[in-house]
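Observations on the model geometry
Residues per chain are reported as follows:
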Amino acid sequence: MSNIYKAFKNKKAFITFLTAGDPDFETSVENFKAVARAGADLIEIGIPFSDPIAEGPVIQEADIRALNAGMTTDRVFDLLREVRKDVDIPIVFMTYANPVYHYGAENFFEKASEAGADGIIIPDCPFEERHEFCDVAEKYGMDFISMIAPTSEDRIKEIASQAKGFIYVVSSLGVTGVRSEIKTDLGSIIATIKEVTDTPTAIGFGISTPEQAKKMWEYADGAIVGSAMVRIVAEYGKDAPEKLAEYVKSMRG
């Protein structure tokens, strides 16, 4: 059983996303430590990329800030090592196929595992092509996190049956971002998933309020919040750690 299951053991998991290196390396390290202390059960670390096709403007702008501040893939690994000095909850990377290809999958997953990553999410990797990444990830003890979207339909059971770590259930069509309302029939999707696996499910895309998180927990094992967290970093900059901790505590409560 992977380390990721600790996030879901006997509880509903609150999962946070932040972009590595936003607004700068040192503040970003403190941001991740702050959300862990405040009660996050699992952390997603976004590797900044110049063409993040699944992201809305909030996270796109965070990627630009981080890249302008000098973040590279190697610096992301350095950042995770710093975070791991004080944080032992599960941590997964969120990135795209291109940076992993460019770095070399074998080299990437070896260094990611050594730095302390438990898994990876690659939104633009088609299910049929996952073995190019997931086989190498598993070699180094990392879970390749599957994503299921409202458009997955007949493939839901196939994707779910081979999932590891947790299943990322996409709440809505489109890119990431805060949404005032989520209308997808998530209960039906998750019921279908549960027919073939006991791998935990977590819902992401659009969650920003305690009310939305509570609603997601009626269906799933976890709720994922990203854009709302990244907005706090954009607003408060170097003062973000304290504000992020307050937000996580309010959501967790």
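The shown structure was predicted, so the numbers you read here are calculated from the model rather than taken from an experiment.

Some remarks on the pairing of strand S8 (residues 201-204)
Here S8 shows a buried face lined by Thr201 and Ile203 and a second buried face lined by Ala202 and Gly204. When strand S7 (residues 167-170) meets S8, the two strands line up parallel, connected through four bridges. Along S8, the bridge assignment pairs Val170 with Gly204. One ladder, built from two bridges, connects S8 with strand S9 (residues 222-225); its direction is parallel. Its bridge partner being in S9, Ala202 is matched across the sheet by Gly222.

A word on the nonpolar core
Membership of the largest hydrophobic core comes to 94 residues, with the highest contact counts inside it found for Ile45, Leu79, Phe93, Phe108, Phe109 and Phe166. The element best represented in this core is helix H1 (residues 25-38), accounting for seven residues. Contacts of Phe93, omitting those with residues within four sequence positions, involve Ile45, Ile47, Val76, Phe77, Leu80, Phe108, Ala112, Ala117, Gly119, Ile120 and Ile121.

Thoughts on helix H8 (residues 186-194)
Where H8 is concerned, the buried positions are Leu186, Ile189, Ile190 and Ile193. Projected down its long axis, H8 carries its buried residues within an arc of 90°, all on one side. Looking at the buried side of H8, the elements it contacts are strand S6 (146-148), helix H7 (156-161), S7, S8 and helix H9 (210-219).

Some remarks on the environment of Pro200
Along the chain, the position of Pro200 falls in the loop between H8 and S8. A residue is classified by how much of its surface remains accessible, and Pro200, at 6% relative accessible area, is buried. Spatially, the C-alpha atoms of Pro200 and His102 are 31 Å apart, while their sequence positions differ by 98 residues. In this structure Pro200 touches Tyr5, Phe8, Gly165, Phe166, Ile167, Lys194 and Asp221, once residues within four positions along its chain are discounted.

Topic: the packing of aromatic side chains
Under the definition given, this model contains ten aromatic pairs. For the ring pair Phe108 and Phe109, a centre distance of 5.2 Å and an interplane angle of 80° mean the geometry is edge-to-face. Considered together, Phe108 and Phe109 belong to a single accessibility category, that of buried residues. Taken together, a centroid distance of 6.0 Å and an interplanar angle of 90° make the contact between Tyr168 and Phe205 edge-to-face. With Tyr168 in strand S7 and Phe205 in the loop between S8 and H9, this residue pair connects regions lying 37 residues apart in the sequence. You'll find Tyr168 and Phe205 in the same group, each marked buried. In this structure an aromatic cluster arises from ring pairing among Phe77, Phe93, Tyr103, Phe108 and Phe109.

A short note on the packing of helix H3 (residues 73-84) against helix H5 (residues 105-115)
When two helices pack together, their arrangement is given by the angle between the helix axes and by the axis-to-axis distance. Contact geometry of H3 with H5 gives a least axis separation of 8 Å together with a crossing angle of 20°. By the angle between their axes, H3 is roughly parallel relative to H5. The two elements H3 and H5 cross, and the hand of that crossing is right-handed. Residues Thr73, Asp74, Phe77, Leu80, Arg81 and Arg84 of H3 lie in contact with H5, whose contacting residues are Phe108, Lys111, Ala112, Glu114 and Ala115. When grouped by side-chain class, the residues that make up the contact of H3 with H5 number five nonpolar, one polar and five charged.

Topic: the state of the cysteines
Applying the stated rule across the entire model yields zero disulfides. Residue Cys125 stays outside any disulfide, its sulfur separated by 7.8 Å from that of Cys134, the closest cysteine. For Cys125, a relative accessible area of 13% gives the class buried. A relative accessible area of 6% places Cys134 in the buried class.

Reading the values: the criteria
- Residues numbered from 1 in each chain as written.
- Predicted model: local features only at pLDDT ≥ 70, side-chain atom pairs only at ≥ 80, totals over all residues.
- Heavy atoms only, no water.
- Buried < 20%, exposed > 50% of the residue type's maximum accessible area, 1.4 Å probe, protein only.
- Helix = DSSP H or I, 4+ residues; strand = E, 2+ residues; numbered from the N terminus.
- Pairing = 2+ DSSP bridges.
- Core = buried A, V, L, I, M, F, W, Y, C linked by side-chain atoms within 4.5 Å.
- Contact = heavy atoms within 4.5 Å.
- Arc of directions from axis to C-beta.
- Phe/Tyr/Trp six-rings, centres within 6.5 Å; stacked < 30°, edge-to-face > 60°.
- Axes fitted to C-alpha atoms, helices over the stretch in contact; angles between N-to-C directions.
- Parallel < 35°, antiparallel > 145°, perpendicular 65-115°, else oblique.
- Left-handed = near helix turned anticlockwise from the far one by under 90°.
- Nonpolar A, V, L, I, M, F, W, Y, C, P; charged D, E, K, R; others polar.
- Disulfide = S-S within 2.5 Å.

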